[in-house]
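Report on the structure
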Amino acid sequence: MEKDRVAILVENVTDMTDVTDRCITPQEVTFPLESGSATIKGKAISTLKNITDASEADIVGGDHAQPKVMKTEILIGSGQVRKALTEAELALAQSGRYFQRDGRIAEVLQLPGDGSWCIKDLDELGVLHALAGLTQWMRPDNKGSLKYVDPHPLVCKMLSRVGQFEYLQVLNGLAFQPHLRPDATICNVPGYDEKTGLFGVFNVDDVIVPEAPTMEDARTALACLQGLIEECAVATPVDRSTTISAMLTAAVRPGLPTAPMFHVKAHQMGTGKSFLCQLITAFSSDKSGAPVSFPRSEGDCKNLLLSQFKRSPPVIDFDNLTSDIPAYASLCTALTSEWLEGRLLGGNTIARVSTRTLMLSSGNNVGPSADMARRTLTILLDSATEVPAARKFKRPNLMTEVLRDRNRYISAALTIVKAWVVAGRPMTECPPLGSFGQWSDWCRQPLLWLGCPDPVESVFKALEDDPERQLLGRILEGWQVRLGSGPVLAREVTQTAISKLAVDDDLHDSLIEVSGGQGSVNQRKLGRWLSRNEGRVVNGKRLMRAPKSRNVESWQVVSV
């Protein structure tokens, strides 16, 4: 029986002594029986063979059909769990569909229905399902004969929880169009890219970027993108430049470690905020975006972001905000860090997920506040009409046109950035935007090079108009006038506000606002507010903690 079985394996195995370091499918990898070994990623693998999905009668001997589906044979027996674990992981790695991400096995999956792509982490049952489709498990019975069995549960459990893998490639996310690598080369081959760890799910037939584009090529590409927003009621040249920057960001987001959020603001309903967000989204994905409601608390925000980032979506779009964008800690971290870590809802699992996703938001007369002001670029729309929704357009089906010719516009965006790189990366002097250095190089400097206004102007304007900054400025001004520049106890500030200031005095009203009191100053809340704003400079003044006397905290306003 064993001789017959070997003869069948010889018939079904093609000799290959070396497997190159790349993504491979089971059909591309076979193993020589003579040595019983092969190599992948420079490592020797032994006692692993590819066989057809045959019946047991085929294994014992006799007539058998021609091979159709190649599966990896894994022999499991007493003391062979470690060997089976290695062989099972290798089978997953060879498939080209399974990778490692944050210590777990992840599958690149195309969803039924709309055909969108996502990343799914596999639990124990998911690993079992994957191995059942890729491998053929066998176990010797009491008589020494081999029989088919299901993938070993212990191996599946260990693969789903081990956290360390030898052969699975590291997956950093999905790319939905050709994208720039950190070295500014363009990755235009779909599938796994070893240089970035990104898996490309796109068609490159019509994406054409010159090898060495010139400034004239970049100007032509810029005009192509500007034509898309001619009827979008973009208020000023700065807002138009910010919109183009958002399109560039969407096109190159997979290659950027961090990128700011883009907020579309309007004065009236029907101005086209959601449409412009969809237009920008088209530069990240060929699927229409699915807007989500903005979370109401820090906890909700972190849960939402973790669940969204685990899927590796191209865009997260917060639609129709009704209040200013709060500076939730998790949202701020997601915009200025390449990774976000936290506990997943409904369990004790700590997840570490990539944040390489474009963040959009929109709303009427709302904008970023506090720490979000420096992390968000605002695009203002103004139709200058009484009923914006009643406007008529020369291109009423613009969104359909963009999705149909999407590769043309992706090519234009990549051409602009590539031309700037080929030109030697000329740097235009401008105020830096902290935490977004590479984004500034790819999505800001090329536009300045082409003579466009600085798209970051909205950030500095938002910082000046930040309500918290303006409130602090009013308190510092009134404090210095009423209380002088010497040290003052918090309770003295409260007493002064109550006894010496008129009810309608600006300092009195501002202290009530920051302390959360109802018609009076809450001393405890005022003390916490003073601590949070220590050292901030507004209009040439700053709040400082004075040296302690009698072990009591005192404060003073000093000029800078």
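Residues numbered from 1 in each chain as written. Predicted model: local features only at pLDDT ≥ 70, side-chain atom pairs only at ≥ 80, totals over all residues. Heavy atoms only, no water.

Observations regarding the side chain of Ser 241
Here Ser 241 shows up in helix 7 (residues 237-252). The residues touching Ser 241, leaving out its near neighbours within four places in the chain, are Leu 447, Cys 452, Pro 453 and Pro 455. (Helix = DSSP H or I, 4+ residues; strand = E, 2+ residues; numbered from the N terminus. Contact = heavy atoms within 4.5 Å.)

So, helix 6 (residues 215-226)
Taking 1.5 Å per residue as the helical rise, helix 6 with its 12 residues ought to reach 16 Å, and the 16 Å between its terminal C-alpha atoms agrees with that figure. Taken together, the buried positions of helix 6 are occupied by Ala 218, Ala 221, Leu 222, Cys 224 and Leu 225. Projected down its long axis, helix 6 carries its buried residues within an arc of 155°, all on one side. Looking at helix 6, the residues exposed on the side facing more than 90 degrees away from the buried face are Glu 216 and Thr 220. Among the structural elements, helix 7, helix 12 (406-422) and helix 14 (445-449) are those in contact with the buried residues of helix 6. (Expected span 1.5 Å × (residues − 1). Buried < 20%, exposed > 50% of the residue type's maximum accessible area, 1.4 Å probe, protein only. Arc of directions from axis to C-beta.)

Observations regarding the layout of surface pockets
Reported here for the largest pocket is a volume of approximately 440 Å³. Lining the largest pocket are 19 residues, with Lys 265, Thr 378, Lys 461, Ala 462 and Asp 465 sitting closest to its centre. Elements with a contribution of two residues or more to the lining of the largest pocket: helix 7, strand 20 (376-381) and helix 15 (457-465). Tallying contributions element by element places helix 15 first for the lining of the largest pocket, with five residues. Looking at the lining of the largest pocket residue by residue, the class counts come to six nonpolar, six polar and seven charged. (1 Å grid on protein atoms, 1.4 Å probe; cavity = no way out; pocket = protein on both sides within 12 Å on 5 of 7 lines; lining within 4 Å. Points joined across faces, edges and corners; volume = space filled by probe spheres on them. Nonpolar A, V, L, I, M, F, W, Y, C, P; charged D, E, K, R; others polar.)

What about empty space enclosed by the protein?
For the coordinates displayed, the defined rule picks out five cavities of 30 Å³ or more. Taken as a whole, the largest cavity spans an internal volume of roughly 160 Å³. Considering the residues around the largest cavity, the lining is formed by 18 residues, among which Leu 174, Ser 312, Pro 313, Pro 314 and Arg 356 are closest to the centre. Here the residues of the lining of the largest cavity are counted per class, giving eight nonpolar, seven polar and three charged.

Quick look at the nonpolar core
With 59 residues, the main nonpolar core has Leu 225, Leu 228, Val 252, Leu 276, Leu 279, Phe 283 and Trp 439 as its most contacted residues. Of all the elements, helix 12 adds the most residues to this core, at 10 residues. Discounting residues that sit within four places of it in the chain, Leu 225 has contacts with Ile 244, Met 247, Leu 248, Phe 283, Tyr 409, Ala 412, Ala 413 and Ile 416. Of all hydrophobic cores here, the second largest spans 23 residues; its members include Leu 306, Phe 318, Tyr 328 and Ala 351. (Core = buried A, V, L, I, M, F, W, Y, C linked by side-chain atoms within 4.5 Å.)

Observations concerning the packing of helix 6 against helix 12
Two packed helices can be described by the angle between their axes and the distance between those axes. Where helix 6 contacts helix 12, the axes come no closer than 8 Å and their chain directions differ by 140°. Accordingly, the angle class assigned to the pair helix 6 and helix 12 is oblique. With respect to the hand of their crossing, helix 6 and helix 12 are arranged in left-handed fashion. Residues Asp 217, Ala 218, Ala 221, Leu 222, Cys 224 and Leu 225 of helix 6 form the contact with helix 12, whose participating residues are Arg 408, Tyr 409, Ala 412, Ala 413, Thr 415, Ile 416 and Ala 419. Along the lines of polarity and charge, the residues of the contact of helix 6 with helix 12 split into 10 nonpolar, one polar and two charged. (Axes fitted to C-alpha atoms, helices over the stretch in contact; angles between N-to-C directions. Parallel < 35°, antiparallel > 145°, perpendicular 65-115°, else oblique. Left-handed = near helix turned anticlockwise from the far one by under 90°.)

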